[in-house]
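Listed here are the chains, written in short residue letters.
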Amino acid sequence: MKIGITCYPTYGGSGIVATELGLELAIRGHDVHFISYANPIRLDLEQPRVHYHEVEVSTYPLFQFPPYSLALTSRMAEVAELYSLDLLHVHYAIPHSVSALLARGMLAARRRLPFITTLHGTDITLVGADRSYYPITKFSIEQSDGITSVSEDLRRRTMEMFHISNEIRVIHNFVNCDMYRPARSGRPENPYTPAGEKVLLHISNFRPVKRVLDCIHILQAVRKDAPAHLLMVGDGPERGPAEGLAHELGLERHVTFLGKQSHIERLLPLADVLLLPSQLESFGLVVLEAMACGVPSVATRVGGLPELVTHGHDGFLEAVGDIPAQAARVAELVTDADLHRRMSEAARSTAESRYCSSLVIPEYERYYREICGG
Ligand code: GMT
């Protein structure tokens, strides 16, 4: 098939999922056309059958807000015609599904251009729920030819919040189990943390919803039981406050901020435990990536995380903001080698048996055929 994909190309789960989906589809013989304002972060343009079409947004003195959605619409329609696209697959509802809706309308007299909207989380729970975007989010979801959601929880929230009756297909996030895997021969050399210390890892875009300050408090509590070092990967508005808190608590030597990193699959196997203390996660892709590397997580019991993690079997889930409970779970994992080994194996096995790309990508392919009427 010939598939157009639009996503936010910046650092974020939805862009990563869209990019990796496109790459996997290309490997399976589809022609994939990314249409966005920048080259998606993990996109390998050397891969045959992967194309990238940049959306250029011109600005004029009259435009206080350059109309990106309109430039995107024009590019979508243009690429769809030039490359005979079978469908558009947009990730994150706002504004991508609105642009796809307009592009479909522009071409309607000449060709059918169905579009699928994949809901990722904050497009519904934060942005879509905002009064200024609610009506257009609801309309563009209802007008989509197909809708997928990355978890059952997000599907339910979307239906409740927008009162829509369209079918929403749940297709969970996936991971490349060959690329994300435990280190082959024991723990790889770790240049970031002192030898002999347990490694806690947090990866996110440091938005308030991630509650990154909780990671620093958890480290403080865990260090009462075991020598531990925290690696903080990513960047965003809460990085400064997190660095400040580490200093305030006298923990600056025990926390390393690595900023944005492109090879998460190389960092994950260095860790003993992944921390994700989020307020809300529609899925929690980084937890899955950690599981594939055999790293158990201590995360919060929110959103789609209970669909992914079986508490006490392949990770731990605790209440949002309950630092003592989360820290106690981390301490258990870093002080009990048997428990850690069991959970690490169970985590890898969950990823392999349910979430490998080889299992999930065919679900998208089937859905594409259904929507295209094939
Ligand atoms: O978590 C973020 O801040 C990024 C966000 C995004 O939209 O890019 O991630 C969302 O989509 C990911 C991929 O489907 C999910 O794994 C994340 O759980 C979800 N984030 C939230 O729901 C907060």
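Residues numbered from 1 in each chain as written. Predicted model: local features only at pLDDT ≥ 70, side-chain atom pairs only at ≥ 80, totals over all residues. Heavy atoms only, no water.

Participant: Describe the site of the ligand, with residues and values.
Facilitator: Taken together, 19 residues sit near the ligand, with His120, Asn205, Arg207, Lys210 and Glu281 positioned nearest. Take Gly284: an N or O atom from its main chain is 2.9 Å from an oxygen atom of the ligand. For the shell around the ligand, the element with the most residues is helix α1 (residues 13-27), which contributes three residues. Counting only domains with at least three residues in the shell around the ligand, you end up with domain 1 (2-174 + 356-372) and domain 2 (198-355). (Near = heavy atom within 4 Å. Polar contact = N/O pair within 3.5 Å; in protein donor to acceptor, adjacent residues only side chain to side chain. Helix = DSSP H or I, 4+ residues; strand = E, 2+ residues; numbered from the N terminus. Domains from an automatic or database assignment.)

Participant: Describe the pairing of strand β11 (residues 273-276), naming the residues involved and giving the relevant values.
Facilitator: Where burial is concerned, the two faces of β11 agree: the one with Val273 and Leu275 and the one with Leu274 and Leu276 are both buried. Summarising the sheet, strand β8 (residues 198-203) and β11 pair through two bridges and their orientation is parallel. Within β11, the position partnered with Leu200 by the bridge is Val273. With three bridges connecting them, β11 and strand β12 (residues 297-300) associate as parallel partners. Along β12, the bridge assignment pairs Leu276 with Ala299. (Buried < 20%, exposed > 50% of the residue type's maximum accessible area, 1.4 Å probe, protein only. Pairing = 2+ DSSP bridges.)

Participant: Provide a residue-level description of the sheet that holds strand β2 (residues 31-36), including the pertinent values.
Facilitator: Pairing is parallel in the open sheet, where seven strands are placed in the order β3-β2-β1-β4-β5-β6-β7. Each edge of the sheet is formed by a strand with only one pairing partner; in this case those strands are β3 (50-54) and β7 (169-170). When strand β5 (residues 115-119) meets strand β6 (residues 146-149), the two strands line up parallel, connected through four bridges. For Thr117, the partnering residue across the bridge sits in β6 and is Ile147.

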